Amino acid sequence: MDDSIRDKLVAVKQAWARAGRLLTGKADPDHDMRLPPGQRLVTNWPVLDLGIQPDVARADWRLSVDGAVVNRLDWDWQALMAQPQIDDVSDIHCVTQWSRYDNRWRGVATAHVMALAQPHPHATHVVLHGYDGYTTNVQLDHFVDEDCLLAHTHDGAAIGREHGGPVRAILPRWYLWKSAKWLKRIEVVAGDRPGFWETRGYHNEGDPWLEQRYG
Ligand SMILES: Nc1nc2c(c(=O)[nH]1)N[C@H]1C(S)=C(S)[C@@H](COP(=O)(O)O)O[C@H]1N2
Ligand SMILES: [Mo]
């Protein structure tokens, strides 16, 4: 996708955010209690990105955990695989109104990563950076929730390039835009720093149960 198309795509999404589009607030009496308001269930897995899908081989993948930490981490694939691995099954909720149930993720718990890095006492947030330049911010205490992980495997298969492989963040309690794909860097910061979509009209937190889509 060329830059002008990409700019246009971003502009359209920004305009939707301004208009509060997809903000339904509707209560559906037949609503499945597992489905947050305004969502519909899909069984496929839509792909969303900025028009760039970085091609990062496992052998070339690197992750740094830096910023307000006592121990900076610089991991390659072997270092990631040498950590304790966890499995977690969770639902995906995308702000564009689709949800996908029972995703089985395997990877390294973010709580484990942060326990090794040791954030400074004044650290409040993390900014996740992707190989495509994407960023998203999340509160440090939310980032280390027990169901959050740096995932490399989905339903038993390596996460494909289009879905953010070799490694993406998974933060199931938040709209999927918080789950950075092609993860490259976890920057620990003192004070909030809104990311790509958060500075373009998306909600700063993004709780699907509170329908924190825009604003
Ligand atoms: N690095 C990176 N991560 C990203 C994005 C992106 O453009 N770049 N898009 C976000 C958005 S808006 C969504 S909805 C999900 C889409 O993930 P999927 O393509 O696996 O469904 O990734 C999120 N993580
Ligand atoms: Mo999204």
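Remember, it's a predicted structure, so these values are computed and weren't measured experimentally.

A. Representation of the site of ligand 1. Around ligand 1, a shell composed of 20 residues is seen, among which Pro-46, Asp-132, His-163, Arg-168 and Lys-181 lie nearest. Within the contact set of ligand 1, an oxygen atom lies 3.2 Å away from a side-chain nitrogen or oxygen of Trp-45. In this structure, Leu-48 approaches ligand 1 through a main-chain N or O atom, which is 2.8 Å from an oxygen atom. When isolated, ligand 1 has an accessible area of 540 Å², and the protein chains bury 99% of it.

B. Representation of unusual backbone geometry. Here Gly-165 and Pro-166 are connected by a cis peptide whose omega angle stands at 10 degrees. Among the secondary structure elements, Pro-166 is positioned in the loop between β9 (157-158) and β10 (168-170). Even without glycine at this site, Asp-102 takes up a positive phi of about 55 degrees. Structurally, Asp-102 can be placed in strand β5 (residues 98-109). We classify Asp-102 as partly exposed; its relative accessible area is 44%.

So, how was this worked out
Starting afresh in each chain, residues are numbered from 1 along the sequence in its written order. All chains are assigned letters beginning with A, and all ligands numbers beginning with 1, in the order in which they are written. Given that this is a predicted model, residues contribute local features only at a pLDDT of at least 70 and side-chain atom pairs are listed and counted only at 80 or more, while totals for whole chains, interfaces and linings are drawn from all residues. The side-chain numbers reported here are obtained from all heavy atoms of the structure, hydrogens and water having been left aside. Whether a residue is near a molecule or strand depends on its heavy atoms: it is near if one of them lies within 4 Å of it. The definition of a polar contact used here is a pair of N or O atoms within 3.5 Å, where within protein one atom must be able to donate a hydrogen and the other to accept one, and adjacent residues in sequence count solely through side-chain atom pairs. Only the protein chains shown count as cover for residues, with accessible areas throughout obtained via the Shrake-Rupley method and a probe of 1.4 Å. We count a stretch as a helix when DSSP gives it H or I for four or more residues in a row; a strand needs E for two or more, and each element gets its number in order from the N terminus. Relative accessible area decides the class of each residue, using a 1.4 Å probe on protein chains only: under 20% of the type maximum gives buried, over 50% gives exposed, and in between gives partly exposed.

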